[in-house]
Amino acid sequence: MKGESSGLIIGISIGVVIGVLLAIFSLFCFRYHRKRSQIGNSSSRRAATIPIRTNGADSCTMLSDSTIGPESPVKSGRNGMSFWLEGFRRSNVVSASGILEYSYKDLQKATHNFTTLIGQGAFGPVYRAQMSTGETVAVKVLATDSKQGEKEFQTEVMLLGRLHHRNLVNLIGYCAEKGQHMLLYVYMNKGSLASHLYSEKDEPLSWDLRVHIVLDVARGLEYLHDGAVPPVIHRDIKSSNILLDQSMRARVADFGLSREEMVDTHAVNIRGTFGYLDPEYISTKTFTKKSDVYSFGVLLFELIAGRNPQQGLMEYVELAAMNTEGKVGWEEIVDSRLEGKFDVQELNEVATLAYKCINRAPRKRPSMRDIVQVLSRIVKLRHNRKHHKNSLSATAGEVSIDLDHPETRSQISEHRREESMDSTVDTYEV
Ligand SMILES: Nc1ncnc2c1ncn2[C@@H]1O[C@H](COP(=O)(O)OP(=O)(O)OP(=O)(O)O)[C@@H](O)[C@H]1O
């Protein structure tokens, strides 16, 4: 009898242990499958929502974008299992939009307890963060007292999670913890275009570089207007929202004021920055792609004249246009820091384009696609001219070159930088 009851107890115990083990095993399987299907959904959602342009440039951009770091969901998402394990190791979670979520603790460490301030925007401070992977990123902390913070945050994560282009400052992660909202962006280590235009300590930007920069900006905007589905209007194009990377390639930043066209065509308040605002928008309160084109036109004139639009740039432009009828003779407004080193024909072509962008009638303004075509053509012609000149001097062949001379060395490195830019422009060509 005693033997029977102890046998029963042992049997029940074994049964319970097996049951518990089975339960743990099935829970593990369930979590594993759920995670995999989430990853699958997230990558298929990305594939469905990230627009692919007819020329394929953006799909290529997204996959080959050099700034997409090792933590990029795009890169990691290709291998669901390794991504899941990696995510676990780093304690980063993938949000619904496919953007990585970071913990407050990790960001606190990466910014040395938020002491690495690089700037202050309307929505709060921006810090440089050194991640444990070695990657440097910019962390924008949305001010907690900002009324628009919450909405802004949600809009940015949702929008930027699906927007990727080599000429946009792409969002790479976010943090929503301890009542704080933070956005992590690709770090642009040469700072803003505005700082280069107006800082005394920086070398003045050359004319050639200015044209490359506006072409980069135009491509970023063209993607937002014509590549993204639904289209995105930036709403705050200005020189402080154009950031430059190590090789002085430009990207459009700060989508704090971006809205999807279909969601918000009739904003109640005036948004944007004084000096860049489309007068038509101010009178009708309706923001369209052509309002971005207007701001882009102001930016073009800002680069030509090296003058701040908030300090009478457009009055200056209108005065010059009275003499030129908007077509030629724009030399008189050129930035004196260029010291006359610019191509007059290029200058007049860029200024004529800028003048069309700021036309009072929005329908008379070109589209961003038209603008990209005009600027690409200018750069391509310059490239051809240079090649022609180089081949002529090569055939002449009578110049002896001292490779050790410092001036020759600096000319060679400048030439290499231009060649690298020109070759990138060629791959951009529509
Ligand atoms: N990804 C980034 N990489 C490097 N620096 C950045 C980055 N993002 C922002 N910054 C710097 O941080 C500063 C603040 O940027 P932020 O975009 O918040 O505001 P802003 O564009 O200057 O002003 P506003 O908010 O009024 O548009 C700027 O000086 C900018 O140069």
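Scroll up a little and you will see the structure.
About the cut-offs
Starting from 1, residues in each chain are numbered consecutively following that chain's sequence as written. Where local features are concerned, this predicted model is filtered to residues with pLDDT of at least 70; where side-chain atom pairs are given and counted, the filter is 80 or more; whole-chain, interface and lining totals use all residues. Here a helix means four or more residues in a row that DSSP labels H or I, a strand means two or more in a row labelled E, and each is numbered from the N terminus. Residues are called buried when their C-beta atom has 20 or more other C-beta atoms within 10 Å, exposed when it has 12 or fewer, and partly exposed otherwise; all C-beta atoms are positioned from the backbone. Residues are scored as being in contact if the C-beta atoms we place from backbone atoms lie within 7 Å. Here, strands pair whenever DSSP counts at least two bridges between them. Each residue receives a C-beta atom placed from its backbone. It is near a molecule or strand if this atom lies within 6 Å of it. In this count, Pro and Cys sit with the nonpolar residues alongside Ala, Val, Leu, Ile, Met, Phe, Trp and Tyr, while Asp, Glu, Lys and Arg are called charged and the others, Gly among them, polar. Start and end positions for the domains come from either an automated domain assignment or a database one. Residues of type Ala, Val, Leu, Ile, Met, Phe, Trp, Tyr and Cys that are buried and joined through C-beta atoms within 7 Å form what is called a nonpolar core.

Draft legend 1. Examining the overall build of the chain more closely. For the chain, the count of helices and strands is 14 helices and 11 strands. A burial count over the chain gives 35% of its 430 residues as buried. Across the chain, every contact between residues at least 6 apart in sequence was considered, and the portion connecting residues at least 24 apart equals 65%.

Draft legend 2. Region of the structure containing the pairing of strand β5 (residues 136-142). Among the seven residues of β5, six are classified as buried, and the element is accordingly described as predominantly covered. Sheet topology places strand β4 (residues 124-130) next to β5; five bridges connect them, and they run antiparallel. Pairing of A129 across the sheet is with V137, part of β5. What sits between the antiparallel neighbours β4 and β5 is a turn of five residues, in which G134 has the positive phi angle 100°. For β5 and strand β7 (residues 180-186), the ladder comprises six bridges, and the chain directions are antiparallel. Within β7, the position partnered with V139 by the bridge is L184.

Draft legend 3. Here's a closer look at the site of the ligand. Taken together, 22 residues lie around the ligand, and G119, G121, A122, V126 and A138 are the ones closest in. Elements represented by at least two residues in the shell around the ligand include exactly β3 (117-121), β5 and β7. Residue composition of the shell around the ligand, by class: 12 nonpolar, seven polar and three charged. Both domains that meet at the shell around the ligand, namely domain 1 (51-188) and domain 2 (190-419), each give it at least three residues.

Draft legend 4. View of the nonpolar core. Among the nonpolar cores identified, the biggest contains 86 residues, and V137, L184, A218, L300, I304 and A354 are the most heavily contacted of them. Each of domain 1 (51-188) and domain 2 (190-419) accounts for three or more of the residues forming this core. Filtering out sequence-adjacent residues up to four positions away, V137 remains in contact with A129, M131, I172, L184, Y185, V186 and Y187.

Draft legend 5. Molecular detail of the pairing of β3. Bridge count between β3 and β4: four bridges; the pairing is antiparallel. Each residue of the ladder has a partner; that of G119, found in β4, is V126. The turn linking β3 back onto β4 is made up of two residues.

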